[in-house]
Amino acid sequence: MQNKINDVVIVGGGTAGWMTANLLARVLGKSINVTLLESNDIATVGVGEATIPPIMQFNQAIGVNEHAFMQASKATIKLGIQFENWLRPEHNYMHAFGSIGKNFPFCDFHHFWLKQQNKNEQVDDLSYWDFSLNYQAAKHNKFQKLKHLPNTNLPGIAYAYHFDAGLYAKFLTEHGKQHGVNHVIGTVKQVNQNNETGFIESLLLDDDTQLNGNLFIDCTGMHALLIEKTLSTGYDDWSHWLPCDRAVAIPSENAETVVPYTRSIAHHVGWQWQIPLQHRTGNGLVYSSKHMSDEEAKQTLLGNLPGKPLSDPRIIKFRTGRRRKVWNKNVISIGLSSGFLEPLESTNIHLVQSVATRLLKFFPHNGISQTLVDEFNRLCKIEIEGIRDFIILHYKLNARTDSAFWRQCQQMDIPNTLKTKIELFKQTGKVHCEPNDLFTEIAWQQVMLGQGITPTDTHPLVDGLSDEQIEDMMESLRTLVDKTVENMPTHQDFLMQFK
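Residues numbered from 1 in each chain as written. Predicted model: local features only at pLDDT ≥ 70, side-chain atom pairs only at ≥ 80, totals over all residues. Heavy atoms only, no water.

*Asks:* Could you clarify how one ought to interpret the overall build of the protein in this entry?
*Replies:* Helix and strand counts for the protein stand at 15 helices and 21 strands. By principal-axis analysis of the C-alpha atoms, the protein measures approximately 75 × 50 × 50 Å. For the protein, the residues scored as buried account for 58% of the 499 residues in total. Taking the contacts inside the protein whose residues are at least 6 apart along the sequence as the reference set, 75% of them involve residues at least 24 apart. Of the roughly 20,800 Å² that the protein leaves accessible, carbon and sulfur atoms contribute 47%. Between the averaged position of the 46 positive side-chain charges in the protein and that of its 53 negative side-chain charges there is a distance of 3 Å. (Helix = DSSP H or I, 4+ residues; strand = E, 2+ residues; numbered from the N terminus. Buried < 20%, exposed > 50% of the residue type's maximum accessible area, 1.4 Å probe, protein only. Contact = heavy atoms within 4.5 Å. Areas by Shrake-Rupley, 256 points an atom, 1.4 Å probe, with all protein chains shown as cover. Lys, Arg positive; Asp, Glu negative; His and termini not counted. Charge placed at Lys NZ, Arg CZ, Asp CG, Glu CD.)

Below is the structure:
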């Protein structure tokens, strides 16, 4: 047990550091002091320019105006992620945000769709997305803020953003300083620990300034200065499930149309991201160095850009996995210092938000309790393992035969938690998610259907409607989605207000 927590020191800026600083200052600024130390010798990876819908709640929680944020960070709208060539070459599907069809008590919409497909003795997996407002808007390059479909109580558009992570961090820097964050520039020369407890007591900087604190937050990225280099916390390596260990990244000029979705394009080894911003497109190729050389990766990416490259390619090395404890002694690791998952489902920025929010809920008041720390770590472990399984799902369920890389992914053993989910869906069409899981049943349904699983059974509730009733319902829902999208303005029109 420690004394009352008054002084929080965040080591490292960037997106992780400034998101955390803003949240703590906004919510607890009257009872704690928040200092953020930025050091020039700690590099940021910067692969996270795409987000998922919870980012909206985060920005609202720290008092950010959406228009000001989008203008400052050159943001665009994201309605989902299109997966191209993941099942096999030339096959596409989307993980669209939001709902699909309509909700039924005890039974999801896709069961009714499956029954109709089985009746027609054909399965067209893309037709499932006819009932997704997000998908149809994305593919028609449309966007409008809609809480509900017109004249119904059916959910409307769910969206997130693509943004320039560097510009977002600059925006949050000014926002945080205005809300009381003490901003210090310097390099850590020495970490001072208590001889008995091992808790960190202060940081000695290169100019011999000393920063004292009760609680330290490690946002130093893969450098992991406090959580690993100082406390030797340990790391669980997941590369046997997620074999990619490198990325090559490069910005390019935009394509003619700035689309409101992320593209994830599978190649013969790994996959490529395309993230359209107002002023450029973010591009990267995630690959396995055992199956592709750095030079081949660079050439593959350069040969598949939507526009002229704006810099030289940059190689980023990583190791997928998680820190064994996100919270160790009086250090909490947030961002890449706590682990790395490739940005296939745009989760790295979300994990910053999630862990920072969890810290608020578990914030130690009159000292650090080991019981509190253990529960915090337990919840962090459950969360990141659930996201890990969702990413592994994309690799495992591929039907590509063009390289050893994809064949290895098909044949690999997978966590039992994921194995159970896949088998349950295959046999019954059902998906079970825990209450705190990031990805919903609809998200899992889309990826499993998109990756080629056709369930062999449906929920018995669908038998309560006749074939004609199901067809009428499908037709009315499809018409409603189509007419709504037809009347929407374009994504490009929406972005004009930020010029």
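*Asks:* Sorry if this is basic, but what is going on with the sheet that holds strand 8 (residues 188-193) here?
*Replies:* Hydrogen bonds between backbone atoms are what pair the strands of a sheet, whose relative direction is either parallel or antiparallel. Within the open sheet, the 3 strands sit side by side as 8-9-10. Their pairing is antiparallel. At either end of the open sheet lies a strand with only one pairing partner, and these are strand 8 and strand 10 (210-212). Averaged over all pairs of adjacent strands, the angle between their axes in this sheet comes to 20 degrees, without regard to strand direction. In this sheet, strand 9 (residues 200-205) lies alongside strand 8 in antiparallel orientation, the contact comprising 5 bridges. Note on strand 9: the bridge partner recorded for Asn192 is Ser202. (Pairing = 2+ DSSP bridges. Axes fitted to C-alpha atoms, helices over the stretch in contact; angles between N-to-C directions.)

*Asks:* Got a minute to help me understand the pattern of salt bridges in this structure?
*Replies:* Side-chain pairing between opposite charges can occur once the charged atoms of the two side chains come close. Counted according to the given criterion, the structure contains 22 salt bridges. Among the salt bridges present, the one from Lys426 reaches Glu423, with a minimum N-O distance of 3.8 Å. Of the two residues, Lys426 and Glu423 both sit in helix 12 (residues 416-428), 3 residues apart, roughly one turn of that helix. A single network of salt bridges, built from pairs that share partners, joins Glu49, Asp164 and Arg280. (Salt bridge = Lys/Arg side-chain N within 4 Å of Asp/Glu carboxyl O.)

*Asks:* What is the right way to read the packing of aromatic side chains from this model?
*Replies:* Geometrically, a pair of aromatic rings is defined through the distance of the ring centres and the angle of the planes. Scanning the entire structure with this criterion turns up 27 aromatic pairs. Summarising the aromatic geometry, the rings of Phe163 and Tyr168 are spaced 4.4 Å apart at their centres and angled 40 degrees between planes, so their arrangement reads as tilted. Here Phe318 and Phe340 contribute two aromatic rings whose centre-to-centre distance is 4.5 Å and whose plane-to-plane angle is 35 degrees, an arrangement assigned as tilted. Of the two residues, Phe318 is situated in the loop between strand 17 (314-317) and strand 18 (321-323) and Phe340 in strand 21 (residues 339-340); the sequence distance between them amounts to 22 residues. As far as burial versus exposure is concerned, Phe318 and Phe340 are alike and both buried. (Phe/Tyr/Trp six-rings, centres within 6.5 Å; stacked < 30°, edge-to-face > 60°.)

*Asks:* Can you walk me through the side chain of Glu345 in this structure?
*Replies:* You can see Glu345 is positioned in the loop between strand 21 and helix 9 (348-361). The side chain of Glu345 sits in the buried core without any salt bridge; Lys78 is the nearest counter-charge, 6.4 Å away.

*Asks:* Just to check I follow, could you spell out helix 8 (residues 294-302) for this structure?
*Replies:* An α-helix turns once every 3.6 residues. As a result, residues three or four positions apart point the same way. All of the buried residues along helix 8 are Ala297, Thr300 and Leu301. Each buried residue of helix 8 lies within a common arc of 95 degrees when the element is viewed along its axis, so the set occupies one face. (Arc of directions from axis to C-beta.)

*Asks:* Can you walk me through unusual backbone geometry in this structure?
*Replies:* Working note: non-glycine residues mostly have negative phi, and peptide bonds are mostly trans. Of note in the backbone geometry, Asn85 takes a positive phi value of approximately 70 degrees without being a glycine. Within the secondary structure layout, Asn85 lies in the loop between strand 4 (80-84) and strand 5 (92-96). Overall, Asn85 belongs to the buried group, its relative accessible area being 16%. One non-glycine residue, Asn151, lies in positive phi territory at about 60 degrees. Summarising the element assignment, Asn151 is placed in the loop between helix 5 (133-139) and strand 6 (160-162). Take Asn151: its relative accessible area is 84%, and that puts it in the exposed class.

*Asks:* What's the story with the packing of helix 4 (residues 109-119) against helix 14 (residues 467-486) in this structure? I'm lost.
*Replies:* In a packed pair of helices, the relevant descriptors are the angle between the two axes and the axis-to-axis distance. At a minimum axis separation of 10 Å, helix 4 and helix 14 run at an interaxial angle of 115 degrees. Handedness of the crossing formed by helix 4 with helix 14: left-handed. Residue-level inspection shows Phe109, Phe112, Trp113, Lys115, Gln116 and Lys119 of helix 4 in contact with helix 14, the latter providing Asp467, Ile470, Glu471, Met473, Met474 and Leu477. The class makeup of the residues in the contact of helix 4 with helix 14 is 7 nonpolar, 1 polar and 4 charged. (Left-handed = near helix turned anticlockwise from the far one by under 90°. Nonpolar A, V, L, I, M, F, W, Y, C, P; charged D, E, K, R; others polar.)

*Asks:* In this structure, what is going on with the environment of His223? I would like to understand it.
*Replies:* Tracing the backbone through its elements, the reader meets His223 in the loop between strand 11 (215-218) and helix 7 (225-230). For His223, a relative accessible area of 32% corresponds to the partly exposed category. Expressed as a C-alpha distance, the spacing of His223 and Asp467, which sit 244 residues apart in the sequence, is 59 Å.

*Asks:* When you look at the confidence of the model for the protein in this model, what are you seeing that I'm missing?
*Replies:* Close inspection of predicted coordinates is inappropriate for parts of the model with low pLDDT. For the protein, the mean per-residue pLDDT works out to 94, and 96% of the residues sit at or above 70. Low pLDDT (under 50) marks residues 42-48, which in the prediction has 15 contacts with non-local residues, meaning those over four places away or in another chain. (pLDDT = per-residue confidence, 0-100.)

*Asks:* Explain the layout of surface pockets here, please?
*Replies:* Here the idea is plain: a probe the size of a water molecule rolls over the atoms and shows the empty space left. Here the largest pocket is characterised by a volume of approximately 870 Å³. For the lining of the largest pocket, the elements supplying multiple residues, two or more each, are helix 9, helix 10 (370-396) and helix 12. Element by element, the count of residues in the lining of the largest pocket is highest for helix 10, at 8 residues. Across the lining of the largest pocket, the residue classes break down as 11 nonpolar, 9 polar and 9 charged. (1 Å grid on protein atoms, 1.4 Å probe; cavity = no way out; pocket = protein on both sides within 12 Å on 5 of 7 lines; lining within 4 Å. Points joined across faces, edges and corners; volume = space filled by probe spheres on them.)

*Asks:* Mind showing me how you'd approach the nonpolar core here?
*Replies:* Among soluble globular proteins, nonpolar side chains are generally buried collectively. Core analysis: the largest hydrophobic core is formed by 147 residues, its most contacted members being Leu24 and Tyr395. Take this core: its biggest share by element is 10 residues, from helix 10. When residues no more than four places from it in sequence are discounted, the contact partners of Tyr395 are Trp86, Leu242, Cys244, Trp271, Glu342, Leu344, Phe405, Trp406, Cys409, Gln410 and Met412. (Core = buried A, V, L, I, M, F, W, Y, C linked by side-chain atoms within 4.5 Å.)

*Asks:* Before we go on, may I ask you to explain the pairing of strand 2 (residues 33-38) in this structure?
*Replies:* Strand residues, when the strand is regular, have side chains that alternate between the two faces of the sheet. In this sheet, strand 2 lies alongside strand 1 (residues 7-11) in parallel orientation, the contact comprising 5 bridges. In the sheet register, Ile10 faces strand 2, and the bridge partner there is Leu36. Of the crossover connections in this fold, the one passing from strand 1 over helix 1 (residues 14-28) to the parallel strand 2 is right-handed. As paired strands, strand 2 and strand 7 (residues 182-185) are joined by 4 bridges and run parallel to one another. Across the sheet, residue Leu37 finds its bridge partner in strand 7, namely Val184. (Right-handed = clockwise from strand over helix to strand, strands pointing away.)

*Asks:* So what exactly am I meant to see when it comes to helix 10 here?
*Replies:* With 27 residues, helix 10 ought to run about 39 Å at 1.5 Å a step, and its terminal C-alpha atoms sit 38 Å apart, in line with that. Two or three places before Thr371, at the opening of helix 10, Ser369 has a side-chain oxygen 3.2 Å from that residue's backbone nitrogen. (Expected span 1.5 Å × (residues − 1). Polar contact = N/O pair within 3.5 Å; in protein donor to acceptor, adjacent residues only side chain to side chain.)

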